[in-house]
Protein chains: 2
Amino acid sequence: MVTIQDVAKEAGVSKATVSYVLSGSNAISEQTTKRVQKAMKKLGYSVNHTARALATAKTNTIAIVAPYRSGNFFSLSRGAYLYALSNAARKFGYDTLLLTGENDRQLIVDAVEGRKIAGAILLDIVNDDPRIATAKQLKLPVVLLGKADNTQGLPYVDTDFEYAAEMMIHRLAAFGHKEVVLIGWPQEQYDIQMNYAVRFLQKALECAQSVGIVLRVVYANDETLGASTEITEALCGYPQATAFIIHNDAAVLAAPQVMQGCGLAVPDDISIITVVPDQIATGMKIPYTSFFIDVNAIVDTAMDVLVRQIQQHNTGTETILVKPNFADLGSLSQKN
Amino acid sequence: MVTIQDVAKEAGVSKATVSYVLSGSNAISEQTTKRVQKAMKKLGYSVNHTARALATAKTNTIAIVAPYRSGNFFSLSRGAYLYALSNAARKFGYDTLLLTGENDRQLIVDAVEGRKIAGAILLDIVNDDPRIATAKQLKLPVVLLGKADNTQGLPYVDTDFEYAAEMMIHRLAAFGHKEVVLIGWPQEQYDIQMNYAVRFLQKALECAQSVGIVLRVVYANDETLGASTEITEALCGYPQATAFIIHNDAAVLAAPQVMQGCGLAVPDDISIITVVPDQIATGMKIPYTSFFIDVNAIVDTAMDVLVRQIQQHNTGTETILVKPNFADLGSLSQKN
DNA sequence: CTGAAAGCGCTTACAG
DNA sequence: CTGAAAGCGCTTACAG
């Protein structure tokens, strides 16, 4: 492997000079610069990031921490988030280390103490997430991709689920719907206080009450595919319901077929509105009026906040909720 | 940060001695060993992996290379694979770097030249995959997670789609089915020669011909959700067809509702058999007789092959096809 | 069994 | 504007 020493010799300068043209941190004459660049090109030099990291005590790697939670819950959008995170990190010049496993707190500690990472993005935030304390203790720059009841001052970026819930309920109310079914996640997700699940549900309940909508909550358990059983049961159990709110990716995917199977036309017989990641919505051609979760916007924002923290340009604790994008696909009907 | 020097001083030994007890590469008296360990614990020492990597010219990081391909194709199982890969790498003591983006060849080159990675797993292999040449040129230990027509001697690990296709066709033949519909991936996936798509299809066509089954191929385009339109059209277009083979995750998810919507009972009216990742099958409770792609087995095998290559224990080029697991969920009926 | 010393490939005050 | 030198925190022949 060709080193900075080889380049220096080839260009007839010192290692320091080569290093300076590499970093641009020190004024070097144009002539010398060109000579060095020519030498680098000729020898095919690339910097050894390990050596650089040791010398500078800095690493350009960010961890993505995705815990393993037991149960059958399978996130269909996980790939989209990981992919977007990796791309966003690269835009800022960072590599991404994937930290997954049951003992994620230990993984974080090891990565920090082993000087492998400069910061971390935490996925799947639950209330009282144990990783919050770990990050604080390690003084690790961190951004929660998801809100928690008590983030202990750590910055977070997430979809504004409260906004989505509020807008949905008000729109349904304006359209004259009186009884609405909310298809949610498996009960288990609420039990472990998965934050996005809880927040959306609570806000929806609260708004429904304030506008006089009867909101029926159905937890899509994992015993059937895409919550089709629950949706069907809800249709029978709540015959007065005129609309469905779906906050569950698998249920959104299955809904068109379930409705068709029940002989119901959307929106003539039943109205539907969902909140779902845009990547799934686009890739799978979701045909419903929805609030599309802007995965790239969330991820880009989170990475920006993280990088500012790492580079000490942090302007206080950032807590950002990104509004999902409303798209009217005509699946809501007027009832009054 | 506490260094090996601090530990040495605390224990009253040299840095070399500390290093030896750390690695166990040199016999050290039990007494000294204990003293050193006590000092490490007392000071809270952890090795600086950057320094170690520089000294040994070794890195314990493996890249996962997932290209970005244009189009709306959205892989529902991507998250499962990434997660499994990360866990598998950790079992072998490796970290995983996520390498995604449009210019993945350059990303690989940069990662290798920057001495960031010791090897790589390549995802989404297509025939004539350009990354194959890149890896060969860099002499980078690599495992293709997917087969290509010409792997140029590089090891690969993949699901045995040929086996799945053959078994399916023979089983359908044995059950007396004469005309079968194969629901595949979007045409685009075949156009870019996505290997798993092509291999399964070709083998199925070949076997069907040999056993006298008429195989109708339907490409699930991405214009409708879960291929429901295509499935429905196929039901009308091929009224003689008595069975469906589904090789398309989204279509598998949607199929129960589509069938229900068409008023068809499985398997009384129509037989269904699928090949789908087990993580999706389990998480989403797929109700069909299937060949379940064993994501963890494939990933563990791939990682094992890669690590052996990195550690020079490679026993020649490995080309491994992992048989998917057959599960009879009773969705095939006897026709003769 | 243990230590002194050189080296891995960079960066960065410091001096000129 | 450029270079000599020290240093980042490890590992590893080598000598004893």
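Residues numbered from 1 in each chain as written. Chains lettered and ligands numbered in written order. Predicted model: local features only at pLDDT ≥ 70, side-chain atom pairs only at ≥ 80, totals over all residues. Heavy atoms only, no water.

Right, let's get into the overall build of chain A. Of regular secondary structure, chain A possesses 14 helices and twelve strands. Against the compact-globule benchmark of 20 Å for 336 residues, chain A has a radius of gyration of 25 Å, which places it well outside the compact range. Dimensions of chain A, computed from the C-alpha atoms along their principal axes, are close to 85 × 35 × 35 Å. Accessible surface, chain A as shown: approximately 14000 Å² in total, 48% of it carbon and sulfur. (Helix = DSSP H or I, 4+ residues; strand = E, 2+ residues; numbered from the N terminus. Rg over C-alpha atoms; globule rule 2.2 N^0.38 Å. Areas by Shrake-Rupley, 256 points an atom, 1.4 Å probe, with all protein chains shown as cover.)

A few words on the sheet that holds strand S10 (residues 289-293) of chain B. Residue and element names in this part refer to chain B. Spatially, six strands are ordered S7-S6-S8-S9-S10-S12 in an open sheet, and the strand pairing comes out mixed. Single-partner strands in this sheet number two, and they are strand S7 (214-219) and strand S12 (325-327). Averaged over all neighbouring strand pairs, the angle between strand axes comes to 20 degrees, with direction disregarded. As defined by bridge partners, S10 adjoins S12 across three bridges and the pair is classed as antiparallel. Residue pairing across strands places Phe-292 opposite Asn-325, the latter belonging to S12. (Pairing = 2+ DSSP bridges. Axes fitted to C-alpha atoms, helices over the stretch in contact; angles between N-to-C directions.)

Rotating chain A by 180 degrees and moving it 0.0 Å along the rotation axis overlays it on chain B with an RMSD of 0.0 Å. Classification of the inter-copy transformation places it as that of a two-fold axis. Mapped onto chain B, 100% of the interface residues of chain A are again interface residues, and the two copies thus contact each other with one and the same surface. (Least-squares fit on C-alpha atoms with pLDDT ≥ 70 in both. Contact = heavy atoms within 4.5 Å.)

Attention now moves to the packing of helix H5 (residues 78-91) of chain B against helix H14 (residues 295-310) of chain B. All names here are of chain B. Running from amino to carboxyl end, H5 crosses H14 at an angle of 45 degrees, the nearest separation of the two axes being 9 Å. By the criterion of interaxial angle, the relationship of H5 to H14 is oblique. Seen along the crossing, H5 lies across H14 with a hand that is right-handed. For the pair H5 and H14, contact is made by Ala-80, Tyr-81, Ala-84, Leu-85, Ala-88, Ala-89 and Lys-91 and by Val-295, Asn-296, Val-299, Asp-300 and Met-303, respectively. (Parallel < 35°, antiparallel > 145°, perpendicular 65-115°, else oblique. Left-handed = near helix turned anticlockwise from the far one by under 90°.)

In the region of DNA strand D, 25 residues are neighbours, and A:Thr17, A:Thr32, B:Ser19, B:Tyr20 and B:Arg52 sit closest. The contact atoms of DNA strand D, taken as those within 4 Å of the protein, divide so that sugar and phosphate hold 63%. Between DNA strand D and B:Lys15 there is a distance of 2.7 Å, counted from a base nitrogen to a side-chain nitrogen or oxygen. Secondary-structure elements contributing two or more residues to the surface near DNA strand D are helix H2 (15-23) and helix H4 (49-56) of chain A together with helix H2 (15-23) and helix H4 (49-56) of chain B. Here the residues of the surface near DNA strand D sort into 14 nonpolar, nine polar and two charged. (Near = heavy atom within 4 Å. Polar contact = N/O pair within 3.5 Å; in protein donor to acceptor, adjacent residues only side chain to side chain. Nonpolar A, V, L, I, M, F, W, Y, C, P; charged D, E, K, R; others polar.)

Glancing now at the interface of chain A and chain B. The partner chain B presents 59 residues to the 59 residues of chain A that form the contact. Between chain A and chain B, a total of about 5200 Å² is buried, with carbon and sulfur atoms accounting for 60% of that surface. Counting the contacts that link chain A with chain B gives two salt bridges. Residues A:Asp95 and B:Lys116 are paired through a salt bridge, measuring 2.8 Å at the closest nitrogen-oxygen approach. On inspection of chain A and its partner chain B, the count reaches 18 residue pairs in polar contact (both at pLDDT 80 or more). Listing elements by their share of the side of chain A that touches chain B, those giving two or more residues are H4, strand S1 (61-67), helix H5 (78-91), strand S2 (95-101), helix H6 (104-113), helix H12 (249-261) and helix H13 (278-284) of chain A. Looking at the side of chain A that touches chain B, the element that brings in the most residues is H12(A), giving nine residues. (Buried area = accessible area lost by both parts, 1.4 Å probe. Salt bridge = Lys/Arg side-chain N within 4 Å of Asp/Glu carboxyl O.)

Here the UniProt-annotated "domain: HTH lacI-type" (unreviewed entry) positions come out as residues 2-56 of chain A. With 71% helix and 0% strand, residues 2-56 of chain A has its two end C-alpha atoms placed 20 Å apart. (UniProt positions renumbered as here; feature names shortened; annotations may be inferred.)

Turning next to the protein's contact with DNA strand C. Lining the immediate environment of DNA strand C, one finds 25 residues, of which A:Ser19, A:Tyr20, A:Arg52, B:Thr17 and B:Thr32 sit closest. Near-protein atoms of DNA strand C (within 4 Å) split between backbone and bases, with sugar and phosphate holding 64%. The contact in question runs from a phosphate oxygen of DNA strand C to an N or O atom on the side chain of A:Tyr45, over 3.0 Å. One nitrogen or oxygen atom from the main chain of B:Ala55 is found 3.5 Å from a base oxygen belonging to DNA strand C. Elements that contribute at least two residues to the surface near DNA strand C include exactly H2 and H4 of chain A together with H2 and H4 of chain B. Classifying every residue of the surface near DNA strand C by side-chain character gives 14 nonpolar, nine polar and two charged.

Further remarks concern the sheet that holds strand S8 (residues 243-246) of chain A. All names here are of chain A. The strand order S7-S6-S8-S9-S10-S12 describes an open sheet built from six strands, whose pairing is mixed. What marks the edges here is a single partner per strand, and that holds for strand S7 (214-219) and strand S12 (325-327). Strand-to-strand twist of the sheet, defined as the mean angle between neighbouring strand axes without regard to direction, takes the value 20 degrees.

What follows deals with the environment of B:Ser29. With respect to the secondary-structure elements, B:Ser29 resides in the loop between H2 and helix H3 (30-43). Separated by 222 residues in sequence, B:Ser29 and B:Ala251 have C-alpha atoms that sit 64 Å apart.

Attention now goes to helix H7 (residues 130-138) of chain A. Residues and elements named next belong to chain A. Residues of H7 that are buried include every one of Arg-131, Ile-132, Thr-134 and Ala-135, and no others. One face of H7 carries all of its buried residues, which in axial projection span an arc of 165 degrees. Residues of H7 that are buried in the fold lie against S1, H6, strand S3 (119-122) and strand S4 (142-145). Downstream of H7 by a residue or two, Lys-139 has a phi angle that is positive, lying close to 55 degrees. (Buried < 20%, exposed > 50% of the residue type's maximum accessible area, 1.4 Å probe, protein only. Arc of directions from axis to C-beta.)

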